[in-house]
Amino acid sequence: MKKVFIIFGAPGIGKTTISKILYKQIDNTQYIDIDELWRIQPFIVNDINKNYVETNIKTMYRSFLNHPALNHLILSWVVPTKGLKDMMTSWFMDAEVYFYRLVAQKEVYLKRLEDDHRDETKFEEYMMINQNQSFDDAMTIDVTHLSIKDVVDTLLNQITKHI
């Protein structure tokens, strides 16, 4: 059975950086950054755009399922609510799905956001996502004191248990 590994967490936590390194270390793997599907100008979260992005995700997933050489799909996305996580699980019913959540301690996370020159008006919203405790069925990795290599190694160790 094909496998889908979803790496999620608050904006700026390291999902994209980690996923770009990780997928290259697992044969027969595709990586998709869901944020790229939201690159719409102007950026408006409404039903039309949500439907558009959802349709694109499902189309890419069907292509993955039909590709004979691909066995693993790594997705990175914010996934701010348990409801969205559960909806994603329903989209990928034909595969085994594993969720890995990246988090960091408040002070370290805020410093990363500042260093990345993120929009300070969004920091409170991002902190709420980082501190959301409703993802008890996902593996949580605290990246506060870990290097990028350490996070990749931790995820690689977990993922290889399933492939």
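Preceding this section is the structure that the text describes.
What counts and what doesn't
Residues numbered from 1 in each chain as written. Predicted model: local features only at pLDDT ≥ 70, side-chain atom pairs only at ≥ 80, totals over all residues. Heavy atoms only, no water. Helix = DSSP H or I, 4+ residues; strand = E, 2+ residues; numbered from the N terminus. Buried < 20%, exposed > 50% of the residue type's maximum accessible area, 1.4 Å probe, protein only. Contact = heavy atoms within 4.5 Å. Polar contact = N/O pair within 3.5 Å; in protein donor to acceptor, adjacent residues only side chain to side chain. 1 Å grid on protein atoms, 1.4 Å probe; cavity = no way out; pocket = protein on both sides within 12 Å on 5 of 7 lines; lining within 4 Å. Points joined across faces, edges and corners; volume = space filled by probe spheres on them. Pairing = 2+ DSSP bridges. Axes fitted to C-alpha atoms, helices over the stretch in contact; angles between N-to-C directions.

Trainee: How would you sum up the environment of Leu156? Please name residues and give values.
Mentor: Along the chain, Leu156 turns up in helix α6 (residues 148-160). Distance from Leu156 to Phe123, taken between C-alpha atoms, is 30 Å for residues 33 residues apart in sequence.

Trainee: Describe the environment of Thr154, with residues and values.
Mentor: Within the fold, Thr154 resides in helix α6. Judged by relative accessible area, Thr154 falls into the partly exposed class, the value being 27%. Here the alpha-carbon distance between Thr154 and Gly83, two residues 71 residues apart in the chain, equals 26 Å. Residues contacting Thr154, with those up to four places away along its chain left out, are Met139 and Ile141. Here the side chain of Thr154 touches Asp150 through a polar contact of 2.8 Å, landing on its backbone oxygen.

Trainee: Explain the side chain of Ser19 to me, and be specific about the residues and the numbers.
Mentor: Turning to its location among the elements, Ser19 is positioned in helix α1 (residues 15-22). Residue Ser19 is classed as buried on the basis of its relative accessible area, which comes to 0%. Not counting residues up to four positions away in its chain, the partners in contact with Ser19 are Ile7, Tyr31, Ile74 and Ser76.

Trainee: Please provide a residue-by-residue account of empty space enclosed by the protein, values included.
Mentor: Under the criterion given, the structure shown has one cavity of 30 Å³ or more. Considering only enclosed or pocket space, the largest cavity measures out at about 30 Å³ in volume. Taken together, the elements giving at least two residues each to the lining of the largest cavity come down to α2 (47-66) and β3 (72-77). Element by element, the count of residues in the lining of the largest cavity is highest for α2, at three residues.

Trainee: Please provide a residue-by-residue account of unusual backbone geometry, values included.
Mentor: For the bond running from Gln41 to Pro42, omega is 0°, close enough to zero to count as cis. With a phi angle near 60°, Asn28 is a residue other than glycine that sits in the positive phi range. Mapping Asn28 onto the fold places it in the loop between α1 and β2 (29-33). In this structure, Val79 takes a positive phi of about 50° despite not being glycine. One can find Val79 in the loop between β3 and α3 (82-91). Accessibility expressed as a relative area gives 0% for Val79, which makes it buried.

Trainee: Give me the lowdown on the sheet that holds β3, citing residues and values where you can.
Mentor: The pairing of strands in a sheet comes from backbone hydrogen bonds and takes either a parallel or an antiparallel form. One open sheet holds the five strands; their spatial order is β2-β3-β1-β4-β5, and the pairing between them is parallel. The outermost strands of the open sheet, each flanked by one partner alone, are β2 and β5 (139-142). Between one strand axis and the next, the sheet turns by 20° as a mean value, whatever way the strands run. Here β2 pairs with β3 via five bridges, running parallel.

The values reported here are purely geometric and, on their own, carry no functional implication.
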